[in-house]
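Now for the letters of each chain:
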Amino acid sequence: MKRLALAIAALCASCTSGAKYAHAVVALVDVSGTYADQKAEVVNVIRRGLLPRLGPGDTLVVIRIDAESYTRKNVEASVKLDLRPSKANAQKLAFAGQLDEFSRRSVRAPHTDIRGAMMLGAEYLRETGAGRRTMIVFSDMEEDLPPGVKRDLAKDELAGVRVVAMNVKRLAADNANPAAYRLRLTSWEKQVTSHGAKEFKVVLEPEKLADLLDEG
Amino acid sequence: MEHLYLWPANPAASLLALWILSQVFLYAARAPMHKALQAVSRLFAGAFRIAARWCRSMAAGVVRRDREMVIDMGKGDLEAKIGREFHRIEGAFGKELSRYPDLHRKIDDTVIKVDADFQECASSAPAAPGWSEAVNAVAKMPTSGDRVVQKLLEEIHKSAVAGEKKALQDFRDATAKRHRILGAMAPLWKELTKLAGEVSSAVTSALESTKRIDGYMESYEKVRKGDEKAVRSLSWSSTQLFVVSVLILAVAIGGAFVNFNLIALPMSELVPSGSRIGGMPVATVAALVVVLMEVAAGVFAMEMLGITSFFPKLELLPRSRRRMILGVALGGLFMLACIEASLAVLREQIVDSSSALRQSLAGQSMVAETASSRIPVIGQAVLGFILPWILAMVAVPLETMISTGGHIVLSVMAGLLNLGGMLSRLGGHAMRYLFEAARHLYDIYIVVPLQIERLVGTASGRSTGDGRTAGANGAAALRPEVRR
């Protein structure tokens with residue numbers, strides 16, 4: 001009888017929540033300055049490279065990076081996929097529709113608040129409680145805060161989050177001086193890793209995004 | 001090393017002093033050191049020897065146990081075969097003997113009929129046709145010229161000819177009648193031949209069975225006596241069975257894997273739980289449980305059909321209950337097969353939907369369905385229906401593997417123990433010679449004081465006039481390790 005009780009206890013102990021194995025992804029899409037023109041391409045990358053890779057139970061949130069990104073209004077679309085594959089597929093289709101609408105809407109922000117979007121995205125990621133958390137930033141990574149806006153990341157703001165800088169657009173000045181572009185990325189790497197991020201990666205080819213997601 | 005120098009400024013002198021000190025110390029400690037090395041050598045060699053002996057005795061025990069197991073297995077197998085043959089004979093005899101009175105009566109009736117016909121043939125034998133001679137004799141009688149006599153003779157001749165004709169006719173009629181009787185006897189003879197053939201085949205079958213039983217009994221006797229050849233043959237047969245059952249089980253595991261993959265995806269539609277057990281989603285665990293349930297149902301079905309015997313208690317159940325359990329097992333299997341077939345269809349739908357979604361997300365138009373688009377669905381459904389039945393058969397190789405596995409495990413254990421014993425023996429020898437070599441190296445290191453000792457010993461021997469003794473002592477001193 002004791003053995004049976006022990007076996008049942010072991011079985012119960014081995015039962016865990018599926019959230020630990022789920023994958024939560026936050027995509028930050030820059031709509032300021034010259035990067036606003038990239039919106040359609042970014043939506044395409046999310047549709048083709050990101051959305052099909054997510055499985056039942058996973059979460060995807062798309063946040064707009066504009067002049068002041070730390071507001072709920074900046075959340076363009078959000079979905080937690082159902083555990084039933086058929087339902088999850090329907091949700092994906094609906095989500096793709098929301099993305100199309102976002103792509104069609106003409107938005108151009110005068111400033112770029114990347115850290116504000118990061119803070120908002122980190123909050124969403126924490127809320128999901130997912131075992132794997134990824135933040136994908138579609139931006140030129142050139143922050144330009146409006147006057148009076150302060151963004152200080154907490155020490156563990158990005159704890160356990162992988163940050164991927166995707167499709168980083170080179171500015172006109174970067175072409176003249178590539179070192180500035182590299183320095184910019186290095187400073188972002190230092191910043192995010194010092195605030196708890198697991199890693200910071202720069203991905204140039206959209207095709208590599210899928211492999212990167214599988215790795216996480 | 002430098003901290004050992006007596007004079008750090010002069011390392012050469014320090015090293016020399018250290019060397020001399022070590023020589024003096026090691027020379028003084030030579031005898032106890034040799035004893036210590038000898039003792040350690042004995043200790044290790046003894047430990048290895050004990051280990052080797054233990055391995056050997058364990059291996060012998062394991063081999064004995066294996067032999068007993070093989071003999072028991074062989075006896076059980078042969079007993080089952082003999083029992084089956086007796087059962088066959090019983091069945092055949094029961095069937096034939098129940099028919100025997102009928103057969104006997106048939107044979108008797110046929111023989112009586114044949115006898116009656118034969119009697120009839122014999123009783124209606126016609127009279128011998130002697131008329132022709134009488135007619136000839138009358139015809140050759142000389143006529144005396146007398147008209148009356150001549151007429152009389154002619155009448156006699158006529159009546160003789162008529163009598164001959166009648167006798168011939170009677171003879172022919174009788175012969176024809178006998179032929180008819182004999183003709184009617186032919187089917188009876190055929191029936192008799194057929195009945196004799198039936199009896200012969202029954203007897204031949206019984207004789208063959210008895211021959212087989214004789215063969216089994218001979219083998220059984222050999223196995224019971226523990227005949228080396230018979231035991232070897234049984235052991236080889238067990239190994240063969242084990243290998244074959246392992247191969248079949250490997251194939252079955254492959255089938256189970258295919259089966260599992262077929263239902264794992266659609267199961268997430270039926271069991272949409274976010275929880276995990278041991279890191280696996282509940283839907284995956286459910287699919288695994290379904291596959292295992294099929295195997296379990298197969299085990300029960302095979303058990304109830306009498307093909308396997310995993311559970312002795314089930315064998316004691318009455319026939320009606322056994323039939324009921326068989327029905328439940330087969331019904332369960334059928335249900336699971338139907339569920340799997342439907343899940344396979346659902347899987348195809350999910351895959352199609354995912355593919356369409358991917359195309360839609362990629363912005364591609366839907367590819368037109370090909371003419372053979374129903375084939376994968378049907379194929380998967382059929383596969384989903386058939387695989388459970390095939391998995392149910394796993395019980396047979398599983399039982400064989402378990403029953404022969406003991407022999408294989410014991411054989412491997414015996415081999416490993418023998419290998420351990422051999423390595424221990426080698427280790428024991430290696431330790432002895434290693435420590436002997438260490439003793440020699442020790443003596444080589446202090447060869448200078450030893451040589452001085454030898455020279456001093458020789459000189460003192462000469463001075464006492466007993467050089468031989470001194471020399472012998474010196475040699476003994478040089479070789480204290482010589483065994484007594």
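For the structure, check the block above.
Rules and cut-offs
- Residues numbered from 1 in each chain as written.
- Chains lettered and ligands numbered in written order.
- Predicted model: local features only at pLDDT ≥ 70, side-chain atom pairs only at ≥ 80, totals over all residues.
- Core = buried A, V, L, I, M, F, W, Y, C linked by C-beta atoms within 7 Å.
- Buried ≥ 20, exposed ≤ 12 C-beta atoms within 10 Å, placed from the backbone.
- Contact = placed C-beta atoms within 7 Å.
- Pairing = 2+ DSSP bridges.
- Helix = DSSP H or I, 4+ residues; strand = E, 2+ residues; numbered from the N terminus.
- Axes fitted to C-alpha atoms, helices over the stretch in contact; angles between N-to-C directions.
- Nonpolar A, V, L, I, M, F, W, Y, C, P; charged D, E, K, R; others polar.
- Expected span 1.5 Å × (residues − 1).
- Bend = angle between axes of the 7 residues up to and from the residue.

1. Quick look at the nonpolar core
- Ranked by internal contacts, the top residues of the largest apolar core, which has 53 residues, are Ala27, Leu28, Ile46, Met135, Ile136, Val137 and Val163 of chain A.
- Once residues within four sequence positions are removed from consideration, Val163 of chain A is found in contact with Met135, Val137, Leu158, Val192, Ala197 and Phe200 of chain A.
- Ala252, Met267, Leu391 and Ala395 of chain B belong to the second largest nonpolar core, which has 31 residues in total.

2. Digging into the sheet that holds strand β3 (residues 59-65) of chain A
All names here are of chain A.
- In space, the six strands of this open sheet follow the order β4-β3-β2-β5-β6-β7, with mixed pairing throughout. For this open sheet the edge positions go to β4 (75-80) and β7 (199-203), each flanked by a neighbour on one side alone. Neighbouring strand axes in the sheet, compared pairwise and without regard to direction, differ in orientation by 15 degrees on average.
- Both strand β6 (residues 161-166) and β7 contribute to a ladder of five bridges, which runs parallel. What sits directly across from Val164, in β7, is Lys201.
- The strands touched by helix α2 (residues 39-50) are β2 (23-30), β3 and β5 (132-138); relative to β2, the strand with the most contacts, the crossing angle is about 165 degrees.
- Strands β6 and β7 of the sheet are contacted by helix α6 (residues 178-194), whose axis makes an angle of about 150 degrees with β7.

3. Points about the interface of chain A and chain B
- Tallying the contact residues gives 21 residues for chain A and 19 residues for chain B.
- At the level of secondary structure, the elements contributing two or more residues to the side of chain A that touches chain B comprise β1 (15-16), α2 and α3 (85-104) of chain A.
- If one sorts the elements of the side of chain A that touches chain B by residue count, α3 of chain A sits on top with six residues.
- Within the side of chain A that touches chain B, the residues separate by chemical class into ten nonpolar, seven polar and four charged.

4. Details of helix α4 (residues 147-225) of chain B
Residues and elements named next belong to chain B.
- Between the first and last C-alpha of α4 there are 111 Å, a value that for 79 residues agrees with the 117 Å anticipated at 1.5 Å per step.
- The largest bend along α4 measures about 25 degrees and falls at Ala186, with the proline Pro187 one to four residues further on.
- Residue Gly226 follows α4 closely and has a positive phi angle near 75 degrees.

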